Amino acid sequence: MEPETFVKEAVTEVREQVGESANAVIALSGGVDSSVSAALAYEAIGDRLTPVYVDTGLMRKGETEEIRGTLEYMDSLRTVDERERFLDALAGVTDPERKRQVIGEQFVRVFEREARDVDADYLVQGTIYPDRIESEGDIKSHHNVGGLPEAVDFEGIVEPVRDLYKDEVREVAREFDLAMSERMPFPGPGLAVRVVGEVTEEKLHVARAANHVVEEELEAYDPWQALAAVLGRATGVKGDNRVHGHVIAVRSVESRDGMTARAQEVDWETLQRIQSRITGENPEVSRVVYDVTHKPPATIEYE
Ligand code: XMP
């Protein structure tokens, strides 16, 4: 694939599919796939495309601001603050699949509202080739807005990057100067799948801080993904006090497409620095462990 040619062809295709007067909507996750799809569609139909970014409160540190900054050249960009809605909906939910469902349902509700508001005829989606293979194989429902086509009666679905692999999408992202082109993949349900069990504001706060440390410290290892997850609680000592603090798992993996992965070998000094930063910055954390499991048998995310 030659990025410049791909962009020209994809833009023409979107224009032909949507036509001269129809409106379209796209849900931005902050990831590279939906951002590139939005950039292509925006080039094709301009402000007749409404890109919608929902702040779920499940994003990484500074991410919402970065996404807004990168895509604000699209005049029709909408950002909606739905942090409270997601936290409320997740209260008491501990089952991992249920958690994904709850998040998916809330997404659909918000997008349905936005799509109706702009009279959207078409839905643009950032589906890439491996997503199609995974959905066909029914491994896990990765599409956060998977229920959207049923909720709103769209005239059609536009998937400008449906035949590309992740590394090709990144190449196209560079054509558009999109900052997220180099970022590690981040799951749609966000930090919710990096908190084992019930998601609370406090655990999200700890997860956000720990993920930031891990991404910073492990960047040099060039991982497919490096992450931190809040596992549960264990006993520790802080100062003169016995605490029942959070246990943080640190994970760093190499992978080509996320389907399989190898845990990376990380040097002791780096691991100790991560441990000391995470426990130092977060009084609620009493223990940090490193995950040495490959995929399979583990998955990359914790839920
Ligand atoms: P797992 O945990 O299944 O993850 O080994 C494989 C890759 O997929 C990402 N992932 C998701 N991405 N929605 C997404 O958009 C999801 O629900 C989801 N779950 C996992 C994960 O980060 C990894 O890159």
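Remember, predicted model here, so these are calculated numbers, not experimental data. (Residues numbered from 1 in each chain as written. Predicted model: local features only at pLDDT ≥ 70, side-chain atom pairs only at ≥ 80, totals over all residues. Heavy atoms only, no water.)

As for the overall build of the chain
Each helix and strand counted, the chain has ten helices and nine strands in total. When the backbone C-alpha atoms are referred to their principal axes, the chain occupies close to 70 × 40 × 35 Å. Burial status across the chain gives 52% buried among its 303 residues. If you sum the accessible surface of the chain, you get close to 14400 Å²; carbon and sulfur atoms cover 46% of it. One way to put it: in the chain the 35 positive side-chain charges average out to a point 6 Å from where the 61 negative ones average out. (Helix = DSSP H or I, 4+ residues; strand = E, 2+ residues; numbered from the N terminus. Buried < 20%, exposed > 50% of the residue type's maximum accessible area, 1.4 Å probe, protein only. Areas by Shrake-Rupley, 256 points an atom, 1.4 Å probe, with all protein chains shown as cover. Lys, Arg positive; Asp, Glu negative; His and termini not counted. Charge placed at Lys NZ, Arg CZ, Asp CG, Glu CD.)

Concerning the domain arrangement of the chain
Segmenting the chain into domains produces domain 1 (3-182) and domain 2 (200-290). Computed over C-alpha atoms, the centres of domain 1 and domain 2 are 29 Å apart. Taken together, the contact pairs eight residues of domain 1 with eight residues of domain 2. When domain 1 packs against domain 2, the two sides together hide about 890 Å² of surface, and 63% of this comes from carbon and sulfur. Across the domain 1-domain 2 interface, the total number found is one salt bridge. Viewed at the interface, domain 2 and domain 1 are joined by three residue pairs in polar contact (both at pLDDT 80 or more). Residue composition of the side of domain 1 that touches domain 2, by class: three nonpolar, one polar and four charged. (Domains from an automatic or database assignment. Contact = heavy atoms within 4.5 Å. Buried area = accessible area lost by both parts, 1.4 Å probe. Salt bridge = Lys/Arg side-chain N within 4 Å of Asp/Glu carboxyl O. Polar contact = N/O pair within 3.5 Å; in protein donor to acceptor, adjacent residues only side chain to side chain. Nonpolar A, V, L, I, M, F, W, Y, C, P; charged D, E, K, R; others polar.)

Looking at unusual backbone geometry
With the exception of glycine, the majority of residues adopt a negative phi angle, and the majority of peptide bonds are in the trans configuration. Residue Pro 296 follows Lys 295 across a cis peptide bond; omega there is -15°. You can see Pro 296 is positioned in the segment after strand S9 (285-290). The step from Pro 296 to Pro 297 runs through a cis peptide bond, and the omega angle for that step is 10°. Counting through the fold element by element, Pro 297 comes out in the segment after S9. Although it is not a glycine, Asp 119 sits at a positive phi angle of roughly 55°. Considering the arrangement of structural elements, one finds Asp 119 in the loop between helix H5 (96-117) and strand S4 (122-124). Using a relative accessible area of 55% as the deciding quantity, one classes Asp 119 as exposed.

Looking at the pattern of salt bridges
Enumeration over the complete set of coordinates arrives at 22 salt bridges. A salt bridge links Arg 273 to Glu 217, with the nearest nitrogen and oxygen atoms 2.9 Å apart. Linking Arg 273 in helix H10 (residues 268-281) with Glu 217 in helix H9 (residues 201-218), this pair joins segments that are 56 residues apart in sequence. Given a relative accessible area of 38%, Arg 273 falls into the partly exposed group.

A few points about the sheet that holds S4
Pairing is parallel in the open sheet, where five strands are placed in the order S3-S2-S1-S4-S5. In this open sheet, the two strands that pair with only one neighbour each are strand S3 (78-81) and strand S5 (156-158). Direction aside, neighbouring strands of the sheet carry axes that sit 25° apart on average. The sheet contact formed by strand S2 (residues 49-55) and S3 spans four bridges and is parallel. Bridged to Asp 55 within S3 is Asp 81. (Pairing = 2+ DSSP bridges. Axes fitted to C-alpha atoms, helices over the stretch in contact; angles between N-to-C directions.)

Comments concerning the packing of helix H4 (residues 83-90) against H5
Running from N to C, H4 and H5 point in directions that differ by 145°, and their axes come no closer than 10 Å. Remark: the crossing between H4 and H5 carries right-handed chirality. Together, Arg 85, Phe 86, Ala 89 and Leu 90 of H4 and Lys 99, Val 102, Ile 103, Gln 106, Phe 107, Arg 109, Val 110 and Arg 113 of H5 make up the contact between the two elements. Across the contact of H4 with H5, the residue classes tally to seven nonpolar, one polar and four charged. (Left-handed = near helix turned anticlockwise from the far one by under 90°.)

Overview of a nonpolar patch on the surface
A cluster of nonpolar side chains, namely Val 196, Leu 231 and Val 289, defines an oily patch on the protein surface of about 180 Å² accessible area. Along the chain, the position of Val 289 falls in strand S9. (Patch = residues over 30% accessible without salt bridge, like charges linked within 9 Å, V, L, I, M, F, W, Y side chains within 5 Å.)

Examining the packing of helix H1 (residues 3-18) against helix H8 (residues 166-175)
In helix packing, the relevant descriptors are the interaxial angle and the interaxial distance, both defined with respect to the helix axes. Two numbers describe how H1 lies on H8: the axes approach to 9 Å, and their chain directions differ by 85°. As far as their axial angle goes, H8 and H1 are roughly perpendicular. From H1, Pro 3, Glu 4, Phe 6 and Val 7 reach across to H8, where they touch Glu 171, Val 172 and Glu 175. Looking at side-chain class alone, the contact of H1 with H8 contains four nonpolar, no polar and three charged residues. (Parallel < 35°, antiparallel > 145°, perpendicular 65-115°, else oblique.)

Considering the packing of aromatic side chains
Using the criterion set out here, one finds four aromatic pairs in the structure. Both rings, one in Tyr 42 and one in Tyr 73, keep their centres 6.0 Å apart while their planes meet at 90°; by these two values the pair is edge-to-face. In this pair, Tyr 42 sits in helix H2 (residues 32-45) while Tyr 73 sits in the loop between helix H3 (63-71) and S3, placing the two residues 31 residues apart along the sequence. Assessed through its relative accessible area of 40%, Tyr 73 is described here as partly exposed. Ring centres of Phe 107 and Phe 111 lie 5.8 Å apart, and the angle between their planes is 10°; on these two criteria the pair is classed as stacked. A residue pair is termed a helical-turn pair when its members lie 3 or 4 positions apart in one helix, as Phe 107 and Phe 111 do in helix H5 at four residues. As far as the burial class goes, Phe 107 and Phe 111 line up, both buried. (Phe/Tyr/Trp six-rings, centres within 6.5 Å; stacked < 30°, edge-to-face > 60°.)

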